[in-house]
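Analysis of the macromolecular model
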Amino acid sequence: MGAVGVVHAAEIRVLGPTAIEDYHAHLMRLDRMSIFPGDDRAIDAHCLNLVAAGAILIGAYVKGVMRASAEIMPDRTARRAEAAITVENGFHERGFERELTSRIIDEARRYHLSDVRVQE
């Protein structure tokens, strides 16, 4: 497990591969129409792809439940990456985006990624 931080009564931590279930549940709670239109299998496939590709996942937990996250997907050269932040409805005003962006930068440095683009 990685380092742990607290933002507005949330625990922010870098996840190991065994936490993919938490991430999957988080994605299922999001408005699927905006991310994975109408098909739970798309979320399943996305999570499997993240594990297979060695993605770096960061979760923001509120009362033990992941409510916001960041995923960092390195490219094949492991020099560049794409990142995305997701925040569940009702949790946008807690500063998660700012904290997760900071953690993306920290993890990118730790993994020697020279260029990370955060999708909005």
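Heads up: these notes are all about the structure in this document. (Residues numbered from 1 in each chain as written. Predicted model: local features only at pLDDT ≥ 70, side-chain atom pairs only at ≥ 80, totals over all residues. Heavy atoms only, no water.)

**Some remarks on the side chain of E88**
Mapped onto the fold, E88 is located in the loop between β5 (80–87) and α4 (96–110). Only 2.8 Å separates the side chain of E88 from the side chain of H26, close enough to count as a polar contact. In this view, E88 contacts H26, R29, L30, M66 and R67; residues no more than four positions away in its chain are not counted. (Helix = DSSP H or I, 4+ residues; strand = E, 2+ residues; numbered from the N terminus. Polar contact = N/O pair within 3.5 Å; in protein donor to acceptor, adjacent residues only side chain to side chain. Contact = heavy atoms within 4.5 Å.)

**As for unusual backbone geometry**
For residues besides glycine, phi is generally negative; the peptide bonds are generally trans as well. Here K63, not a glycine, exhibits a phi torsion of approximately 50°, which is positive. In this fold, K63 is placed in the loop between β3 (56–62) and β4 (65–74). Of note, H112 is a non-glycine position whose phi angle comes to about 60°, a positive value. Looking at the secondary structure, you find H112 in the loop between α4 and β6 (115–119).

**What about the pattern of salt bridges?**
Tallied over the entire structure, the rule returns six salt bridges. Across the pair R29 and E88 runs a salt bridge whose closest N-O atoms are separated by 2.9 Å. Linking R29 in helix α1 (residues 20–29) with E88 in the loop between β5 and α4, this pair joins segments that are 59 residues apart in sequence. On the accessibility criterion, R29 (37% relative accessible area) is partly exposed. The shortest N-O distance in the salt bridge between R117 and D115 comes to 3.6 Å. The exposed category is assigned to R117, whose relative accessible area is 52%. With a relative accessible area of 25%, D115 lands in the partly exposed category. Overlapping salt bridges, with partners in common, bring together R29, R67 and E88 in one network. (Salt bridge = Lys/Arg side-chain N within 4 Å of Asp/Glu carboxyl O. Buried < 20%, exposed > 50% of the residue type's maximum accessible area, 1.4 Å probe, protein only.)

Fair warning: the whole summary comes from geometry, so function is off the table for now.
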